[in-house]
Amino acid sequence: MVTKRSSVDPKAVPGPPNVAARAAEQRGYGVPMEQHDRPGRAASDRSGAGGTALAERRQRPRWRQRLGTTLDLIRANPTGRVTLKIFIAIAGALVVSIGIALIPLPGPGWLLVIAGLGIWAVEFHWARRLLGFTRRHVHNWTQWVKDRSLAVRFLLGSVGLVFVGSVVWLSLKFSFGIDVVAEALHYLATH
């Protein structure tokens, strides 16, 4: 037996209307009508206060609204909630595993690890915090580099290029047995 947990009028709740919660209530599921804090949303967005220009500027894209509504509908059902958690856990683990495998190889290893964290962040709070931490530090590093002179940026870029070249060389040497440097020296000596 499912009981309604909310006796609050949905129209009296501040903020944007929660279509998914109302649809779940109409199906007989007990859904709390209070607005949950979501990371990345300002307090003025949650409370419904603020100017209309601010609300229009921060409005989420249509595809994100649809995705959020779909996820809310899935979470309204206890079986759907568990299934969604399992699906998100497996999908995130798969993407993170591929990313970790690609870190020493040439390819977008770190990008896939961060994408896997983004997938996990849909359902898991710890991943959301870790993703926020990563974004903050990448943003701080980018700002720090932008504030440096052109010579320092060139030096940092050169060090990064040497590092990536070393990783590619070592990956090819130990993974496939191809020593690119020896092959290049041999080619230059014979031609």
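Since this is a predicted model, take the numbers as computed values, not measurements. (Residues numbered from 1 in each chain as written. Predicted model: local features only at pLDDT ≥ 70, side-chain atom pairs only at ≥ 80, totals over all residues. Heavy atoms only, no water.)

## Let's talk about a nonpolar patch on the surface
A contiguous nonpolar patch, built from Val181, Leu185, Tyr187 and Leu188 and spanning about 440 Å² of accessible area, is present on the exposed surface. Note that leucine 185 resides in helix 9 (residues 180-190). (Patch = residues over 30% accessible without salt bridge, like charges linked within 9 Å, V, L, I, M, F, W, Y side chains within 5 Å. Areas by Shrake-Rupley, 256 points an atom, 1.4 Å probe, with all protein chains shown as cover. Salt bridge = Lys/Arg side-chain N within 4 Å of Asp/Glu carboxyl O. Helix = DSSP H or I, 4+ residues; strand = E, 2+ residues; numbered from the N terminus.)

## A look at the environment of leucine 117
Along the chain, the position of leucine 117 falls in helix 6 (residues 109-121). Classification of leucine 117 as buried rests on a relative accessible area of 8%. Counting along the chain gives 13 residues from leucine 117 to leucine 130, while the straight-line C-alpha distance between them is 7.8 Å. What leucine 117 contacts, discounting residues up to four positions off in sequence, is Val96, Trp126, Ala127, Leu130 and Leu131. (Buried < 20%, exposed > 50% of the residue type's maximum accessible area, 1.4 Å probe, protein only. Contact = heavy atoms within 4.5 Å.)

## Here we look at the confidence of the model for the protein chain
Averaged over all residues, the pLDDT of the protein chain equals 77, while 69% of them reach at least 70. Scored below 50 in pLDDT, residues 35-50 makes 23 contacts in the model with residues more than four places away or belonging to other chains. (pLDDT = per-residue confidence, 0-100.)

## Some points on the pattern of salt bridges
Tallying each qualifying case throughout the model produces three salt bridges. Among the salt bridges present, the one from glutamate 123 reaches lysine 85, with a minimum N-O distance of 3.6 Å. Here glutamate 123 is found in the loop between helix 6 and helix 7 (125-146), whereas its partner lysine 85 is found in helix 5 (residues 78-102), with 38 residues between them in sequence. Look at the salt bridges and you will find they share partners, linking Asp72, Arg75, Lys85 and Glu123 into a network.

## Brief notes about the packing of aromatic side chains
Centre-to-centre distance and the angle between the planes together describe a pair of aromatic rings. In the structure shown here, the tally under the stated rule is three aromatic pairs. Geometrically, the ring pair formed by tryptophan 120 and tryptophan 126 is tilted, given 5.4 Å between the ring centres and 55° between the ring planes. Residue classification places tryptophan 120 among the buried residues on the basis of a relative accessible area of 16%. Members of the aromatic cluster, each reached through a chain of ring pairs, are Trp120, Phe124 and Trp126. (Phe/Tyr/Trp six-rings, centres within 6.5 Å; stacked < 30°, edge-to-face > 60°.)

## Quick word on the packing of helix 6 against helix 7
Two packed helices can be described by the angle between their axes and the distance between those axes. Their axes nearest at 7 Å, the elements helix 6 and helix 7 cross at an angle of 140°. With respect to each other, helix 6 and helix 7 are oriented oblique. Taken as a pair, helix 6 and helix 7 cross one another with a handedness that is left-handed. Between helix 6 and helix 7, the contacting residues are Ile114, Leu117, Gly118, Trp120 and Ala121 on the first element and Trp126, Ala127, Arg128, Leu130, Leu131 and Thr134 on the second. The class makeup of the residues in the contact of helix 6 with helix 7 is eight nonpolar, two polar and one charged. (Axes fitted to C-alpha atoms, helices over the stretch in contact; angles between N-to-C directions. Parallel < 35°, antiparallel > 145°, perpendicular 65-115°, else oblique. Left-handed = near helix turned anticlockwise from the far one by under 90°. Nonpolar A, V, L, I, M, F, W, Y, C, P; charged D, E, K, R; others polar.)

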